[in-house]
Amino acid sequence: MNTSVARESNAPEFATAYYFLEGLNELGIEYLFCNFGTDHAPIINEMAHRRKRGDAMPTVVRCPHENTAAHMAAGYAFVTGRGQGVLVHVDVGTANTATAMHNIYRSRLPVLLMAGKAPYTANDELVGSRDTYVHFVQEPFDQASLVRPYLKWEWTLPSGVVVKEALRRAYSIAQSEPRGPVYLMMQRETLTQHWSADEIRRYSADQFAATSGGGADPKLVAALADRLLLADNPVLITGYAGRNPHASEIIDALAQFAGIAVYEANMTSNISHDSPCFVGFAADKAVPNADLGILVDVDVPWFPSDVRTREKSFWAHIDVDTLKPGSPMWTFPGNLRMQGDSGRILEQVLDDLKTKATPRFKSAAAARLERIRGARDERIARAAKLAADKGKPNAINPHYLMAELGKMLDDDAILFNEGVTNSGSVLLQIPRRKPNTTMRSGGGGLGWSGGMALGAKLAAPDRLMVQISGDGGFYFGNPSSVFAVSQQYKLPIFSIVMDNTGWNAVKQSTLRVFPEGEAKTTGEFEAQLAPKVAFTKVGEAFGAYGEEVGDPADVPGAIARCLKEVRGGRSALLHVHVTRL
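Residues numbered from 1 in each chain as written. Predicted model: local features only at pLDDT ≥ 70, side-chain atom pairs only at ≥ 80, totals over all residues. Heavy atoms only, no water.

(A) Main features of the overall build of the protein chain. Along the backbone of the protein chain there are 22 helices and 22 strands. For 581 residues, the compact-globule estimate of 2.2 N^0.38 gives 25 Å, and the protein chain sits close to it at 26 Å. Expressed as a percentage of the 581 residues in the protein chain, the buried residues total 56%. Of the roughly 24,500 Å² of accessible surface on the protein chain, 51% is carried by carbon and sulfur atoms. Considering the protein chain, the positive charge centre built from 61 side chains and the negative charge centre built from 63 side chains are found 5 Å apart. (Helix = DSSP H or I, 4+ residues; strand = E, 2+ residues; numbered from the N terminus. Rg over C-alpha atoms; globule rule 2.2 N^0.38 Å. Buried < 20%, exposed > 50% of the residue type's maximum accessible area, 1.4 Å probe, protein only. Areas by Shrake-Rupley, 256 points an atom, 1.4 Å probe, with all protein chains shown as cover. Lys, Arg positive; Asp, Glu negative; His and termini not counted. Charge placed at Lys NZ, Arg CZ, Asp CG, Glu CD.)

Below, the structure written as structure tokens:
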């Protein structure tokens, strides 16, 4: 549109930042998780402007550290499926989100990351020109490179006239399957440009919708159903299907109809652990014997260095992302790949299978269900045996700790399991009856569980959020920022630190690579951390309840007291001395 014509319009004139906030509101963004800097002056001013006018905009959540902000957005998306905004400070704030972006990208969660850029004028030529030291040093050649490996899209806003178009484009990509983070950068001069209201177009969700997965080619569906009719030992491995209630329901229905053992590989709880077909979490022993395998919404079903598939076994992969182009190397079998909505595709398979099922097939499926029941009973007995050993003073058995916690949680509680080498005790000892009630990060960056628990609590205030981390992960999570946000916004969470005084993953990795190496001989694994830390003080500094436990006998009472505080509206931090390195 011609600028001179626009200025003759009777439409009101506002700054780009004003329309930016309006655009976020039109996307349906409910929250902006923010760590503000000098680049945000135009946005802060327009926030005040919109409040004064009574105009709607997302609710601002101020986070002392960007790691908390980004992971809060991820936690909110985990519960609701709706991406939220994260606003950080130029290159340095972006750098502080890099670990979170890695986790969010690998966890398939939609997040709209936004940052300013250093002003590009230095002599007051435009409103927003450079006026402080940092404006001259916070301009790298490629700011987006700090997070680009973990993005689906990135752009620098060139002009305020396209601000709403850029936001809609970014959000549509973030919400499209497989979902993930996007990144928009904006300079002060651009944000302070003024435009009349009739120059800024709106972009509706109806007309610029995100993509979603659909069903599969009926011929491929029939091919998988035919394979199931002939299979003697089928298995199904899934990681993300619990995010989709329909997929969770259909996996269980298909497994029970066809006699398929179901395993969960990382990420979330996918079907009820009370299901007669749920076998466990590691399919290592089952994969070599499977003649038919179905991979459903999963990134790493097993470790190829430890597991070999059966010769001439048949593998079908059903996923919104079957080839994993975000990973340079991803070499898991897929004789047949169907990309789309796993719930819809599996429903097609089940319907086709039911029309073809013979009495012989039904009899074989029933016999497999009996064998699966035996495997289930074995897992449950193993869990009980592990939990029976309480450990000893200052070396509490994590299995006993988690078993006691599990007795006090309802089915709606959500666990954010960052126990790393002790994460298996969480999974084994706290069976979940509802899908999507256990979360593990799809990425490798530690320090995510606290922020995600906060974001989830914001999304579902009536549900209990439990953060479980090791002492190493707790350090990474910027806990002072986590508890500050918890206090300021009244978001009570229950945090458990399983303290083994070090990085057990580092030690175990060294032993796997060099089982009889010098590190083992000398006992020097470079894994020990500070042995006498009062982690409870971190929470207490921000009004949280803190308790430290070293005696196994004190575990049930300590958990109960912490839960009472959380349910009363106050965060609690339980520092537990578990078996040491």
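Anyway, onward from the coordinates.
(B) Geometry of the layout of surface pockets. Of the voids in this model, the second largest pocket is the one considered here, and its volume is about 490 Å³. Along its surface, the second largest pocket is lined by 24 residues, and Glu177, Arg179, Tyr240, Arg243 and Asn244 are the ones closest to its centre. In terms of residue count, helix H4 (residues 66-80) provides more of the lining of the second largest pocket than any other element does, four residues in total. Tallied by class, the residues present in the lining of the second largest pocket amount to eight nonpolar, ten polar and six charged. (1 Å grid on protein atoms, 1.4 Å probe; cavity = no way out; pocket = protein on both sides within 12 Å on 5 of 7 lines; lining within 4 Å. Points joined across faces, edges and corners; volume = space filled by probe spheres on them. Nonpolar A, V, L, I, M, F, W, Y, C, P; charged D, E, K, R; others polar.)

(C) Inspection of the pattern of salt bridges at higher detail. Per the counting criterion, the structure on display carries 27 salt bridges. For the salt bridge of Asp55 with Arg53, the shortest nitrogen-to-oxygen distance reads 2.8 Å. Judged by relative accessible area, which is 23%, Asp55 ranks as partly exposed. Judged by relative accessible area, Arg53 falls into the partly exposed class, the value being 46%. Between Arg108 and Asp319 there is a salt bridge whose closest N-O contact spans 3.0 Å. On the criterion of sequence distance, the pair formed by Arg108 in the loop between helix H6 (98-106) and strand S5 (111-117) and Asp319 in strand S13 (residues 314-319) is long-range, its members being 211 residues apart. (Salt bridge = Lys/Arg side-chain N within 4 Å of Asp/Glu carboxyl O.)

(D) Summary view of the packing of helix H16 (residues 449-459) against helix H18 (residues 479-488). H18 packs onto H16 with a crossing angle of 15 degrees between their chain directions and a minimal axis gap of 9 Å. Taken as axis vectors, H16 and H18 run roughly parallel relative to one another. As H16 runs across H18, the sense of the crossing is left-handed. For the pair H16 and H18, contact is made by Gly450, Gly451 and Leu454 and by Val482, Val485 and Ser486, respectively. Considered class by class, the residues forming the contact of H16 with H18 number three nonpolar, three polar and no charged. (Axes fitted to C-alpha atoms, helices over the stretch in contact; angles between N-to-C directions. Parallel < 35°, antiparallel > 145°, perpendicular 65-115°, else oblique. Left-handed = near helix turned anticlockwise from the far one by under 90°. Contact = heavy atoms within 4.5 Å.)

(E) A look at the nonpolar core. Ranked by size, the top nonpolar core spans 44 residues in total, and within it Phe33 and Phe416 carry the most contacts. By residue number, the principal contributor to this core is H4, which donates eight residues. Here Phe33 is in contact with Val61, Cys63, Ala69, Met72, Ala73, Gln84, Gly85, Val86, Leu87 and Leu458, once residues within four sequence places are set aside. (Core = buried A, V, L, I, M, F, W, Y, C linked by side-chain atoms within 4.5 Å.)

(F) Fine view of the pairing of strand S6 (residues 153-156). Sheet topology places S6 next to strand S7 (residues 181-187); four bridges connect them, and they run parallel. When the sheet's bridge partners are listed, Trp155 is paired in S7 with Leu184. Handedness of the crossover joining S6 and S7 through helix H8 (residues 163-175): right-handed. (Pairing = 2+ DSSP bridges. Right-handed = clockwise from strand over helix to strand, strands pointing away.)

(G) Main features of helix H11 (residues 245-258). A rise of 1.5 Å per residue sets the reference length of H11, with its 14 residues, at 20 Å; its end C-alpha atoms lie 20 Å apart and thus fit the reference within 8%. Those residues of H11 not exposed but buried are Ala247, Ser248, Ile250, Ile251, Asp252, Leu254, Ala255 and Ala258. Buried residues in H11 make contact with helix H10 (218-230), strand S9 (234-238), strand S10 (261-264), strand S12 (292-296), helix H12 (342-356) and helix H13 (359-388). N-capping of H11 is provided by Asn244, with a side-chain oxygen placed 3.0 Å from the backbone N of His246. (Expected span 1.5 Å × (residues − 1). Polar contact = N/O pair within 3.5 Å; in protein donor to acceptor, adjacent residues only side chain to side chain.)

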